Amino acid sequence: MGLLRRGAPRTEYDESDLEVGSVPDAVAGPHAVAVALKRAAEQMGVVRSARSLLKLNQPDGYDCPGCAWADPDPEHRHTAEFCENGVKAVAEEATARRVDRDFFAAHPVAELAGHSDFWLGQQGRITEPVVLRPGDTHYRPIGWDEAFALVAEHLRGLASPDEAVFYTSGRTSNEAAFAYQLLVRAYGTNNLPDCSNMCHESTSVALQETIGAGTGSVSLDDVESADVIVVAGQNPGTNHPRMLSALEAAKDRGARILAINPLREAGLTRFKNPQRPRGVVGPGTELADLHLPVKVGGDLALFQAFGALLLEWGAVDEAFIEAHTTGFASYAEGLRSLDWPTVHDATGLTRDQIEAGARLLEGSSATVWCWAMGITQHRHAVATIKEIANLALLRGDIGKPGAGLCPVRGHSNVQGDRTMGIWDAPPPAFLDALEAEFGFSPPRHDGFDTVESIRALRDGRAKVFVAMGGNFVKAAPDTHVTEQAMRNADLTVQASTKLNRSHVVPGRTALILPVLGRSERDRTGGREQRVTVEDSMSAVHTSRGPLTPASPHLRSEVDVVCSLAEALFEPGSPGAAIPWADFRADYGAVRRRIARVVPGCTDYDLRVDQPGGFVMPHPPRDSRTFPTPEQKAVFTTSPLQVLSVPEGRLLLQTLRSHDQFNTTIYGLDDRYRGVKGGRRVVFVHPEDLAALGHAEGDLVDLVSEWDEEERRARGFRVVGYDQPRGCAAAYYPEANELVPLDSTAEGSQCPTSKGVVVRLEAAASPAD
Ligand SMILES: Nc1nc2c(c(=O)[nH]1)N[C@H]1C(S)=C(S)[C@@H](COP(=O)(O)OP(=O)(O)OC[C@H]3O[C@@H](n4cnc5c(=O)[nH]c(N)nc54)[C@H](O)[C@@H]3O)O[C@H]1N2
Ligand SMILES: Nc1nc2c(c(=O)[nH]1)N[C@H]1C(S)=C(S)[C@@H](COP(=O)(O)OP(=O)(O)OC[C@H]3O[C@@H](n4cnc5c(=O)[nH]c(N)nc54)[C@H](O)[C@@H]3O)O[C@H]1N2
Ligand SMILES: [Mo]
């Protein structure tokens, strides 16, 4: 370690360094942690690394800014309660590199726009507010008060509050999220799109309809004590590495794991736990007992087939069905006529493979269903998740120890943000509670979600775009359309920690407001502040960063919201009556309002301080009560849909490499898939390659075909990779330009990032 120095930012990468090797058969282990610690020391220095990592995910520390996987009980936490990718997330945020006024003076925006996302992110933390005015070539420093006045002036000048859009990325704390939605609704709109519109929205819609609650029904204990755990459309080895420890604990107790994934993801097949001696020297734990390599988009058919077999075998919990559900008869009726040839066509699986999966479920005394983006980002995602709910209901697997629904969320606080009211379609009861508490009439019509916001900006129906974190331009689908939409805006405002693509695709006027990150001490109002977050299993707890902020000019997100509100609301207006100064001075004042407005948050300010926090109520989990209109859990019937792909085309999914957090690129290696030194690759089955007249290593353009439109992403290297025939994979966000804005999930409007019809064409030139 002593030899490691804080390196200079790495420069542009060159895809000619790309190497493709073999896929490892085990993940994690000491090597992974060593890689991560080296990165941390490079970015932060050794002392800052140690100080920050020892507080990560500890009861008196801060919540990891990586994924939303739950923490063990305080007494079961390790001193080092983090994973390789958590260390990378902290290193990225706590880096010692800085983007200051000299940096902006040296680099015109046009030049910055020519750099890769990797390069932009590597430049360091933004240190003071900057503005790009119409006609200017460079961002220039601006004072905080002047910045707030500028935003307020734009917002007040709009013909309607619905001409402004307020995006949130799921890292925002509960306090900031609550204050933000309050500001936006007091201003007069529900235009609160968030990253979950591109993520688990399909889950929220499906679960709300079937069990009456949009969140999962399990605790970490349930996962660890399950008999069978299904992991569908999720790559935990990369995206939720701490989940592997829970899977390992479950296996130690005899659980079996069913992996459903077109790819044989390394994390699911073998795991070496760096926390345990056996993981360091031994062979590790074999995780998945059965892997079903389903075709991309084939899960709806697979889950219907599971249902049909379980019904045929009489493997159903009749007492549960009778007491707690409705709609069973028509569900069972629908499955009796299941069209098996279509099932095989859709799944690419044989009857034997499907039966093997169903036998696992049949023999299980308690099943936990985990899923993520491989399920939610398809045209028929909502229907697919409703089938997961059907299977759980069929087996009585809700509200029972060791069983339940476990949508594995992405961003560390995406679930909390929704609980706090970051929602373009808020439930009327939430608006009633806001109205009663704050005495203004919130808008009652739904706002714009992510896709609708892009359309509105594109068409001139929205003119101001404000982002509380995230990288909207790069995360959203249809990159060229989204970029044009953003450039159409009169004003774009980004509250950010690091530079990203959204800063270099500005509106006519653009502001960057640099904020504190999760790892930093927050002394807003002259006192030590803490914030709260909610994890994927509805546990709410506090988070307090240990590090000195990257710059003395940074403000907290709560401060930014409150200060903007003070600049925006004219004296005498309902928004001005809200005590923004009190909120900023003491976040406890926000928490006391949360307690009175948000269901399940009684005594919030007291309960979050219990060790490990508290768990949000969840009627299906807690008491098998289902707050649907029928007051029962609802079996649903959905038509069997198959994603058909014309001859000579492939169905492309866009996924994450092991070296990124969403649009933040940490490095260029996807170790678990054998890729080194590059990201513009497309994974295709070797026989499909031969059939399509391409060879490994060829340079191709990916051309997406949708509704008679074509979109082209240039210069991808072909990598032969085992997966069902007819499927392909490329990395997000490089492939986002292929995802059509109007291609969305039915019922949730989530972009279909995992189901894009493409053809490969020999590339005329390398990537532009
Ligand atoms: N290190 C790291 N951690 C992260 C993130 C990150 O970028 N980096 N992102 C965070 C966020 S916001 C999220 S939402 C989560 C995402 O976590 P994941 O959902 O695991 O992320 P993806 O890489 O999109 O992986 C999707 C998986 O689904 C599979 N898949 C694709 N299509 C299908 C299909 O049709 N059926 C089935 N059964 N499987 C399919 C893919 O092969 C892949 O294994 O991770 C969070 N954690
Ligand atoms: N094709 C395709 N597209 C996808 C997906 C996919 O699988 N395929 N996945 C989708 C999913 S699941 C998601 S969740 C979205 C993600 O969409 P976003 O949440 O918008 O994207 P991120 O890349 O997570 O945002 C990173 C930026 O957040 C800022 N940031 C980091 N920490 C903080 C903080 O503490 N405060 C503030 N204010 N800013 C901070 C930094 O400036 C950083 O550059 O992308 C979606 N897009
Ligand atoms: Mo996500």
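Sequence order as written defines the numbering, with residues in each chain counted from 1. By the order in which they are written, chains take letters starting at A while ligands take numbers starting at 1. Owing to the predicted nature of the model, reporting of local features is limited to residues with pLDDT of at least 70; listing and counting of side-chain atom pairs is limited to 80 or more, with chain, interface and lining totals taken over all residues. Side-chain numbers here rest on the full set of heavy atoms in the structure, without hydrogens or water.

As named in an unreviewed UniProt entry, the protein is Formate dehydrogenase major subunit, taken from Nocardioides thalensis. UniProt positions are given in the numbering used here, feature names are shortened, and annotations may be inferred rather than shown by experiment. According to the UniProt record, the Sequence similarities (unreviewed entry) comment for the protein reads "Belongs to the prokaryotic molybdopterin-containing oxidoreductase family."

When helices and strands are counted, the protein shows 33 helices and 31 strands. In terms of C-alpha radius of gyration, the protein reaches 25 Å, essentially the compact-globule figure of 27 Å for 768 residues. For every residue, the accessible area (1.4 Å probe, protein chains only) is compared with the maximum for its type, and the residue is labelled buried under 20%, exposed over 50%, or partly exposed between those bounds. Within the span of the protein, comprising 768 residues, buried residues form 64% of the whole. For the protein, long-range pairs separated by at least 24 residues make up 78% of all intrachain contacts whose partners lie at least 6 apart in sequence. Total accessible area on the protein stands at roughly 26200 Å², and carbon and sulfur atoms take up 51% of it. Here the protein holds 78 positive side-chain charges and 102 negative ones, and the gap between their average locations is 5 Å. The helix count covers DSSP runs of H or I at least four residues long, the strand count covers runs of E at least two residues long, and both are numbered beginning at the N terminus. Atoms considered for the radius of gyration are the C-alpha atoms alone. The globule rule reads 2.2 Å times the number of residues to the power 0.38. Contacts were defined at the residue level, with two residues in contact if any of their heavy atoms lie within 4.5 Å. Computed with a 1.4 Å probe, the accessible areas rest on the Shrake-Rupley method; for each residue, only the protein chains presented here act as cover. As used throughout, the charge tally considers Lys and Arg to be positive and Asp and Glu to be negative, leaving His and the chain termini uncounted. Where a charge sits is defined by one atom per residue type, namely NZ (Lys), CZ (Arg), CG (Asp) or CD (Glu).

Proximity is defined per residue: any heavy atom of the residue falling within 4 Å of a molecule or strand makes that residue near it. Around ligand 2 sit 31 residues in total, of which Tyr167, Ala475, Glu557, Thr663 and Tyr732 are the nearest. N or O atoms closer than or at 3.5 Å make up a polar contact, with two conditions inside protein: a donor-capable atom paired with an acceptor-capable one, and, for residues adjacent in sequence, both atoms drawn from side chains. Separating a nitrogen atom of ligand 2 from a side-chain N or O atom of Asn736 is a distance of 2.7 Å. Burial of ligand 2 by the protein amounts to 96% of the accessible area it has alone, namely 940 Å². By the convention adopted, Pro, Cys, Tyr, Trp, Phe, Met, Ile, Leu, Val and Ala count as nonpolar, Lys, Arg, Asp and Glu as charged, and the other residues, Gly among them, as polar. Among the residues forming the shell around ligand 2, the class breakdown is 10 nonpolar, 16 polar and five charged. Residues from two domains meet in the shell around ligand 2; each of domain 2 (98-197 + 416-518 + 554-579) and domain 4 (650-762) gives at least three. These domain limits were set by an automatic method or by a database of domain assignments.

At their nearest, the axes of helix 15 (residues 299-312) and helix 18 (residues 340-347) sit 9 Å apart, and the two run at 140 degrees to each other. Overall, the two elements helix 15 and helix 18 adopt an arrangement that is oblique. As helix 15 runs across helix 18, the sense of the crossing is left-handed. Across the interface between the two elements, Ala301, Leu302, Ala305, Ala308 and Leu309 from helix 15 touch Trp340, Val343, Ala346 and Thr347 from helix 18. Grouping the amino acids of the contact of helix 15 with helix 18 by side-chain chemistry returns eight nonpolar, one polar and no charged. Throughout, an axis means a line fitted to C-alpha atoms (over the contacting stretch in the case of helices), and angles, computed between N-to-C directions, take values from 0 to 180 degrees. Orientation labels follow simple angle bins: below 35 degrees gives roughly parallel, above 145 gives roughly antiparallel, 65 to 115 gives roughly perpendicular, and whatever is left gives oblique. Rotating anticlockwise by less than a right angle from the far helix to the near helix defines a left-handed crossing, while the corresponding clockwise rotation defines a right-handed one.

Let us now look at the pattern of salt bridges. Salt bridges are identified by distance alone: a Lys or Arg side-chain nitrogen within 4 Å of an Asp or Glu carboxyl oxygen. Tallied over the entire structure, the rule returns 62 salt bridges. One salt bridge connects Glu435 with Arg444, and the closest N-O pair in it is separated by 2.8 Å. Owing to a relative accessible area of 30%, Glu435 belongs among the partly exposed residues under this scheme. Note on Arg444: relative accessible area 42%, which makes it partly exposed. Here Arg530 ties to Asp605 by a salt bridge, and the two come within 4.0 Å at their closest N and O atoms. Taken together, the positions of Arg530 in the loop between strand 18 (509-514) and strand 19 (531-534) and Asp605 in helix 31 (residues 604-607) put the pair 75 residues apart, joining distant regions of the chain. By relative accessible area, Arg530 is classed as buried at 17%. Sharing partners across several salt bridges, the network here consists of Glu175, Arg527, Arg530, Asp586, Arg591, Arg592, Asp605 and Asp609.

On to the environment of Val343, then. Along the chain, Val343 falls in helix 18. Residues Val343 and Ala381 lie 38 residues apart in sequence; the distance between their C-alpha atoms is 16 Å. Excluding its chain neighbours within four sequence positions, the residues that come into contact with Val343 are Ala301, Ala305, Leu338, Gly348, Ile354 and Leu640.

Okay, the sheet that holds strand 30 (residues 727-731) next. By the convention used here, strands pair only if DSSP detects at least 2 bridges between them. Read once around its circumference, the closed barrel built from six strands follows the order 23-30-27-29-28-31, with strand pairing classed as mixed. The sheet shows a mean angle of 45 degrees between the axes of neighbouring strands, direction not considered. Taken together, the seven bridges between strand 28 (residues 699-706) and strand 29 (residues 709-720) define a ladder with antiparallel strand orientation. The partner of Trp706 across the bridge, within strand 29, is Glu709.

So, about the site of ligand 1. With respect to spatial proximity, 31 residues lie near ligand 1, and among them Glu265, Gly297, Asp299, Gln660 and Asn662 are the closest. Lys754 has a polar side-chain atom sitting 2.8 Å from an oxygen atom of ligand 1. Considering ligand 1 on its own, with 920 Å² of exposed area, one finds that the protein chains cover 99% of that surface. Secondary-structure elements contributing two or more residues to the shell around ligand 1 are helix 11 (236-239), helix 20 (373-376), strand 23 (650-655) and strand 24 (660-661). Class assignment of the residues belonging to the shell around ligand 1 gives a composition of 11 nonpolar, 16 polar and four charged. Counting only domains with at least three residues in the shell around ligand 1, you end up with domain 3 (201-408) and domain 4 (650-762).

Looking now at the environment of Ala475. With respect to the helices, strands and loops of the structure, Ala475 is situated in helix 25 (residues 472-475). Assessed through its relative accessible area of 16%, Ala475 is described here as buried. Note: C-alpha distance between Ala475 and Glu734 (259 residues apart in sequence) is 9.8 Å. The contacts of Ala475, once residues within four sequence positions are left out, are Met198, Thr663, Tyr732 and Asn736.

Take the environment of Pro108 next. By the element assignment, Pro108 lies in the loop between helix 4 (101-106) and helix 5 (109-112). Each C-alpha atom of the pair Pro108 and Gly45 lies 30 Å from the other, and the pair is 63 residues apart in sequence. Once residues lying within four places of it in the same chain are set aside, the contact partners of Pro108 are Thr137 and His138.

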